[in-house]
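Residues per chain, in single letters:
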Amino acid sequence: AAPVSGRAATGRQYTTAKQTVVRQQPNADSPQVSTIPANQPVTVTADVPGTDWYRVSYQGGDAGYVFGSQLTGVTVGGATAAAAPAATAAASSPY
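Right, let's walk through the structure included here. (Residues numbered from 1 in each chain as written. Predicted model: local features only at pLDDT ≥ 70, side-chain atom pairs only at ≥ 80, totals over all residues. Heavy atoms only, no water.)

1. Some details on the overall build of the protein
Right, so step 1: Scanning the protein from terminus to terminus reveals 0 helices and 8 strands.
Right, so step 2: Each helix (α) and strand (β) of the protein, taken in turn from the N terminus, gives the series β-β-β-β-β-β-β-β.
Right, so step 3: Once local pairs closer than 6 in sequence are excluded, the contacts in the protein between residues at least 24 apart make up 51%.
Right, so step 4: In the form shown here, the protein has an accessible surface area of approximately 4700 Å², with 51% of it arising from carbon and sulfur atoms. (Helix = DSSP H or I, 4+ residues; strand = E, 2+ residues; numbered from the N terminus. Contact = heavy atoms within 4.5 Å. Areas by Shrake-Rupley, 256 points an atom, 1.4 Å probe, with all protein chains shown as cover.)

The structure is reproduced here in structure tokens:
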């Protein structure tokens, strides 16, 4: 996980804060292409300018887009996600 909170850095590895929906495009209305379990490492491969969306790879493959609040250490709207406790890790978000 990233040691300092802020915007995600391209090429850096982060951890999913909870079960994370991966989208085809960088918006919540885009079709879901997969789901990444909580506390899994992902690599940010691109930052979508002017948004809090990031393109990520997971387990060596291109996954799609996730909202920044789903990644530990990434700040969105002044809040920084932390890893989810195991009991709540299964809860997901529309992002």
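2. A short note on the environment of Gly-73
Right, so step 1: Along the chain, Gly-73 turns up in the loop between strand E6 (61-67) and strand E7 (75-76).
Right, so step 2: Of the residues examined, Gly-73 reaches a relative accessible area of 11% and is grouped as buried.
Right, so step 3: Considering only alpha carbons, one finds Gly-73 and Thr-15, 58 residues apart in sequence, at a separation of 8.3 Å. (Buried < 20%, exposed > 50% of the residue type's maximum accessible area, 1.4 Å probe, protein only.)

3. Structural notes on unusual backbone geometry
What is expected of a backbone is that most residues other than glycine have negative phi and most peptide bonds are trans.
Right, so step 1: Its identity as a non-glycine residue notwithstanding, Asn-39 has a phi of 60°, on the positive side.
Right, so step 2: As for its position among the elements, Asn-39 is in the loop between strand E3 (32-36) and strand E4 (41-47).
Right, so step 3: Backbone geometry places Gln-59, a non-glycine residue, at a positive phi of 55°.
Right, so step 4: Along the chain, Gln-59 turns up in the loop between strand E5 (53-58) and E6.

4. Observations concerning the nonpolar core
One recurring pattern in soluble globular proteins is that nonpolar side chains are buried together.
Right, so step 1: Val-44, Leu-71 and Val-74 are the most contacted members of the largest nonpolar core, which has 18 residues in total.
Right, so step 2: At the level of secondary structure, the elements contributing two or more residues to this core comprise E4, E5 and E6. (Core = buried A, V, L, I, M, F, W, Y, C linked by side-chain atoms within 4.5 Å.)

5. Here's the deal with the side chain of Ser-57
Right, so step 1: Take Ser-57: it is sitting in strand E5.
Right, so step 2: With residues near it in sequence (within four places) discarded, Ser-57 still touches Val-42, Thr-43, Thr-45, Asp-62 and Ala-63.

6. Considerations on the pattern of salt bridges
Right, so step 1: As enumerated under the stated definition, the model contains 1 salt bridge in all.
Right, so step 2: Measuring nitrogen to oxygen at the nearest pair gives 2.4 Å for the salt bridge that ties Asp-62 to Arg-55. (Salt bridge = Lys/Arg side-chain N within 4 Å of Asp/Glu carboxyl O.)

7. Side note on the environment of Val-21
Right, so step 1: In this structure, Val-21 sits in strand E2 (residues 20-23).
Right, so step 2: Spatially, the C-alpha atom of Val-21 lies 6.2 Å from that of Ser-34, the residues being 13 residues apart in sequence.

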